[in-house]
Amino acid sequence: MSATPDPRLEAESVTVRTLAGFDETVRVLGSKSYTNRYLAIASLSGQETIIDGALLSDDTVYLSRAIEAFGHVTCDIDHATARIRVTPTGQAMRAPDEEIFVGGAGTPLRFLISMAGHAEGTTVINGNARMQERPMGDLLKALPALGVDATAVRGNGSPPIRVVGGSFKGGATSISGAISSQFTSSLIINALRAQTDTEITISDELVSKPYVEMTLAALSEMGVNVGRDGYRRFTVPAGQQARGGQVTVEPDASGMSYFLAAAAILGSRVVIPGIGSGSHQGDVHLVRALERMGCRTEVGDDSITVTGGSLRGIDIDMEAMPDVVPSLAIAAAYAEGTTRITNIASLRVKECDRIAAVTTELRKMGIEVEEHEDAMYITGGTPHGASIDTYDDHRIAMTFAIAGLRTEDVVIKDPGCVAKSFPTFWQTLDTLHPDLKSTK
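Conventions and cut-offs
- Residues numbered from 1 in each chain as written.
- Predicted model: local features only at pLDDT ≥ 70, side-chain atom pairs only at ≥ 80, totals over all residues.
- Heavy atoms only, no water.
- Helix = DSSP H or I, 4+ residues; strand = E, 2+ residues; numbered from the N terminus.
- Buried < 20%, exposed > 50% of the residue type's maximum accessible area, 1.4 Å probe, protein only.
- Contact = heavy atoms within 4.5 Å.
- Axes fitted to C-alpha atoms, helices over the stretch in contact; angles between N-to-C directions.
- Parallel < 35°, antiparallel > 145°, perpendicular 65-115°, else oblique.
- Left-handed = near helix turned anticlockwise from the far one by under 90°.
- Pairing = 2+ DSSP bridges.
- Nonpolar A, V, L, I, M, F, W, Y, C, P; charged D, E, K, R; others polar.
- Salt bridge = Lys/Arg side-chain N within 4 Å of Asp/Glu carboxyl O.

1. Considerations on the side chain of Ser268
So, point 1. As for its placement among the helices and strands, Ser268 is situated in the loop between helix H7 (253-266) and strand E15 (269-273).
So, point 2. You can call Ser268 buried: its relative accessible area is 4%.

2. A closer look at the environment of Cys417
So, point 1. Structurally, the position occupied by Cys417 is in the loop between strand E23 (410-413) and helix H12 (425-430).
So, point 2. C-alpha of Cys417 to C-alpha of Leu9: the two residues are 408 residues apart in sequence and 7.4 Å apart in space.
So, point 3. Filtering out sequence-adjacent residues up to four positions away, Cys417 remains in contact with Thr390, Asp392, Asp393, His394 and Ala397.

3. Comments concerning the environment of Ile355
So, point 1. Within the element layout of this structure, Ile355 appears in helix H10 (residues 354-364).
So, point 2. Residue class for Ile355 comes out buried when judged on its relative accessible area of 0%.
So, point 3. Along the primary structure Ile355 and Glu373 are separated by 18 residues, whereas in three dimensions their C-alpha atoms are 8.2 Å apart.
So, point 4. Ignoring anything within four residues of it in the chain, the contact list for Ile355 reads Ile344, Leu347, Arg348, Glu371, His372, Glu373, Asp374, Ala375 and Met376.

4. Examining the packing of H7 against helix H11 (residues 394-406)
So, point 1. H11 packs onto H7 with a crossing angle of 20° between their chain directions and a minimal axis gap of 9 Å. With respect to each other, H7 and H11 are oriented roughly parallel. Crossing hand, H7 versus H11: right-handed. Residues Ser254, Tyr258, Ala261, Ala262, Ile265 and Leu266 of H7 form the contact with H11, whose participating residues are Arg395, Met398, Thr399, Ile402, Ala403, Leu405 and Arg406.

5. A short note on unusual backbone geometry
So, point 1. The peptide bond linking Pro159 to Pro160 adopts the cis configuration, its omega dihedral lying at 5°.
So, point 2. The phi dihedral of Asp392 falls on the positive side, at around 55°, and the residue is not glycine.
So, point 3. With respect to the secondary-structure elements, Asp392 resides in the loop between strand E22 (386-388) and H11.

6. Remarks on the sheet that holds strand E18 (residues 315-317)
So, point 1. Read from one edge of the open sheet, four strands run E18-E19-E21-E20, paired in mixed fashion. The strands lining the two open edges of the sheet, one partner per strand, are E18 and strand E20 (368-372). Direction aside, neighbouring strands of the sheet carry axes that sit 10° apart on average.
So, point 2. Summarising the sheet, strand E19 (residues 338-342) and strand E21 (residues 375-379) pair through five bridges and their orientation is antiparallel. From the neighbouring strand, Arg340 faces E21, where its bridge partner is Tyr377.

7. Some points on the packing of helix H8 (residues 286-293) against helix H9 (residues 325-333)
So, point 1. Interaxial distance between H8 and H9 falls to 11 Å at its minimum, and their mutual angle equals 10°. When the interaxial angle is binned, H8 and H9 end up roughly parallel. Residues Leu286, Ala289, Leu290 and Met293 of H8 form the contact with H9, whose participating residues are Ser327, Leu328, Ala331 and Ala332.
So, point 2. Tallied by class, the residues present in the contact of H8 with H9 amount to seven nonpolar, one polar and no charged.

8. Description of the pattern of salt bridges
So, point 1. Across all of its chains, the model carries 29 salt bridges by this definition.
So, point 2. Note that Lys420 is salt-bridged to Asp59, the shortest N-O span being 2.6 Å. Of this pair, Lys420 sits in the loop between E23 and H12 while Asp59 sits in helix H2 (residues 58-69), and the two are 361 residues apart along the sequence.
So, point 3. One network of salt bridges, in which partners are shared, links Lys32, Asp59, Asp323, Lys350, Glu351, Arg354, Asp393, Arg395 and Lys420.

Printed below as a string of structure tokens:
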């Protein structure tokens, strides 16, 4: 992949080039979710940690800089090698004088709210306009029982958030899992430095369970034991220390999803190396959904292969893999019959309302979509070109770019928003075109 900055990240729009088909091995960047988790754990470990294969995107850079603001570690980012070195400074965690700003980085903000509980002083954490609408109330309600005073500055449960820290003592708390699993992950990770054992009880049903599994897997890899009673209760014994050393981030299953969808709608073949059957990323299960739609799939120990076929609509509950709902929706737009995607209410509070956004943009392309509060019913057809609004949402931009590989005259507005999670997306998309192989 070329190291030259991609001018499309600064463009007002991009017209996607159509493609007859492809048979390619595509390397996607490291997992955003794992990179964020390793960063948070490393910052609390007290040991130098090297994160190899890290995703270096807006979200992870925001988290790196925010962690440094507490003064207890430095995060040295090497873009050439996709490596982040987290090194303790020997100083205690202290609240920064300036507000911590994380743009649209939802997971980092949630992790930082709990992390600020360890820092002496008052920390204010804020994000962009959309982030200031996203609900954090469940996490704010759970932290006081652990000794942390965290409040929404405007009293609305959303950022900016003020945290009075130096007081994360641990103990027992309960939290709702209905809005986001990242609240639970935030508590589990930051309980690592609590003064006493921490017990976290889920008061209702936990959504997006695979993301908590990723949290537990990352902690386990770094030597931290977390007790559990299914998805009802998690216990983090005090006095543990995460190991330092080297960890390697596997490829991003969400980023992979666009290329799986491309193979599906073009009747083509794609191989994604470096990720396989042992992955804890819930989004890998998009492979099985595409298989049900008519694709051929192979999931090995260290690679995933999808070959497109004649697509048909399916009924599917996507609660466990909401981030790849847009990718599946694009496949559904080209499938015969109706695909009913259900249990996806959490998409209403992402970087944008993704149910509304996908519905609106598919209708622009002539596809019939029935929108429900927690579902989309998509009847496949023959999409036509359209100018796609992306809502400052990386996943909307990348999803509809895939439609443009098959359908002419698809224009993606604000193509630079992909930098949030996949800054080399457009260059990676180029590698599917035979005449652009030199950019590989």
